[in-house]
Amino acid sequence: MFGSLRVLLQVLWAQLLCGWVLGSELTFELPDNAKQCFYEDIIVGTKCTLEFQVVTGGHYDVDCRLEDPDGTTLYKEMKKQYDSFTFTAAKNGTYKFCFSNEFSTFTHKTVYFDFQVGDDPPLFPNENRVTALTQMESACVSIHEALKSVIDYQTHFRLREAQGRSRAEDLNTRVAFWSIGEALILLVVSISQVVLLRSFFSDKKTTMTRVGS
């Protein structure tokens, strides 16, 4: 029993790794006035999903464009913070998707994208699908689906945490500069008041000296 469980868990782990290989997942820096493109070879009839999100930078927006091998635009959005697009490849070839920050003049962005190509392979490819799954096989399939959901949730929570941290650091920087500015203004006002008060007494002393003379 323990031997079968070990084998099934090994199969589960291998299939999870295969599922990860089918997708391209990346977080990259996109400088201002820059454009970054990626390419993926896809077979006709394959279902694909492109998901992206701007993690840090500016107003957290970016331009995205997806083209087929002939250059036909399949998806195009301007200044999007995040989005998801699913399509089925109509022809064989290299598909191109680009992220553009050309509208920004001084802020760079950090962009995350996940490009899934095709569906996950079956968990038990050698099994006859006509027959019903055993209880242990059904449990492995359930674990497989649950782990995929956990991975997706972890990815989204990490992106939200990174975005929240970026906003908090930006707010902290603004508060620090504002505090320094207030301190400088207070110092200038204090010095101005001291100089003004000394000028009052200096003028009175000069006047009294002239009268006595």
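This text follows the structure it describes.
Residues numbered from 1 in each chain as written. Predicted model: local features only at pLDDT ≥ 70, side-chain atom pairs only at ≥ 80, totals over all residues. Heavy atoms only, no water.

A. The arrangement of the sheet that holds strand 4 (residues 62-67) in detail. Within the open sheet, the 4 strands sit side by side as 2-7-4-5. Their pairing is antiparallel. Lying at the two open borders of the sheet, with one neighbouring strand each, are strand 2 (35-42) and strand 5 (73-80). In this sheet, neighbouring strand axes are inclined to one another by 10 degrees on average, regardless of whether the strands run parallel or antiparallel. Where strand 4 meets strand 7 (residues 93-100), 5 bridges bridge the pair, whose relative direction is antiparallel. Paired with Asp-63 across the two strands is Ser-100, which belongs to strand 7. (Pairing = 2+ DSSP bridges. Helix = DSSP H or I, 4+ residues; strand = E, 2+ residues; numbered from the N terminus. Axes fitted to C-alpha atoms, helices over the stretch in contact; angles between N-to-C directions.)

B. Structural view of the state of the cysteines. A full pass over the atoms with the stated rule returns 1 disulfide. Through a disulfide, Cys-37 is tied to Cys-98; the S-S separation comes to 2.0 Å. For the disulfide bridge between Cys-37 and Cys-98, the dihedral angle about the S-S bond is near 105 degrees, and by the sign convention the bridge is right-handed. Remark: Cys-98 occurs in strand 7 and Cys-37 occurs in strand 2; sequence separation between them is 61 residues. On the basis of relative accessible area, Cys-37 is assigned to the partly exposed category, the value being 21%. Here Cys-64 stays free of any disulfide, with the sulfur of Cys-98 as its closest cysteine sulfur at 8.3 Å. The exposure class assigned to Cys-64 is buried, which follows from its relative accessible area of 2%. (Disulfide = S-S within 2.5 Å. Buried < 20%, exposed > 50% of the residue type's maximum accessible area, 1.4 Å probe, protein only.)

C. Geometry of the side chain of Ser-104. With respect to the helices and strands, the residue Ser-104 is situated in the loop between strand 7 and strand 8 (109-117). Residue classification places Ser-104 among the buried positions, given a relative accessible area of 7%. For Ser-104, the side chain forms a polar contact with the side chain of Thr-107, separated by 2.6 Å. Not counting chain neighbours up to four residues away, the residues in contact with Ser-104 comprise Asp-32 and Asn-33. (Polar contact = N/O pair within 3.5 Å; in protein donor to acceptor, adjacent residues only side chain to side chain. Contact = heavy atoms within 4.5 Å.)

D. Main features of the nonpolar core. The biggest cluster of nonpolar side chains holds 24 residues, and the ones touching the most others in it are Ile-42, Phe-87, Phe-97, Phe-99, Phe-113 and Phe-115. Of all the secondary-structure elements, those providing two or more residues to this core are strand 1 (23-30), strand 2, strand 3 (47-56), strand 4, strand 6 (82-88), strand 7 and strand 8. The contacts of Phe-97, once residues within four sequence positions are left out, are Gln-36, Cys-37, Phe-38, Leu-50, Arg-65, Leu-66, Phe-113 and Phe-115. (Core = buried A, V, L, I, M, F, W, Y, C linked by side-chain atoms within 4.5 Å.)

E. Molecular detail of the packing of aromatic side chains. Taken as a whole and assessed by the stated rule, the structure comprises 16 aromatic pairs. For the ring pair Phe-87 and Tyr-95, a centre distance of 5.9 Å and an interplane angle of 35 degrees mean the geometry is tilted. By relative accessible area, Tyr-95 is classed as buried at 2%. Seen from their ring centres, Phe-97 and Phe-99 are 6.1 Å apart, and the 85 degrees between their planes marks the pair as edge-to-face. Exposure remark for Phe-97: the relative accessible area of 2% places this residue in the buried category. By way of ring pairs, the aromatic residues Phe-28, Phe-38, Phe-52, Tyr-75, Phe-85, Phe-87, Tyr-95, Phe-97, Phe-99, Phe-113 and Phe-115 are connected into one cluster. Over the ring of Tyr-60 we find Arg-167; its NZ or CZ atom is 4.4 Å from the centre of that ring. (Phe/Tyr/Trp six-rings, centres within 6.5 Å; stacked < 30°, edge-to-face > 60°. Lys NZ or Arg CZ within 6 Å of the ring centre and 35° of its normal.)

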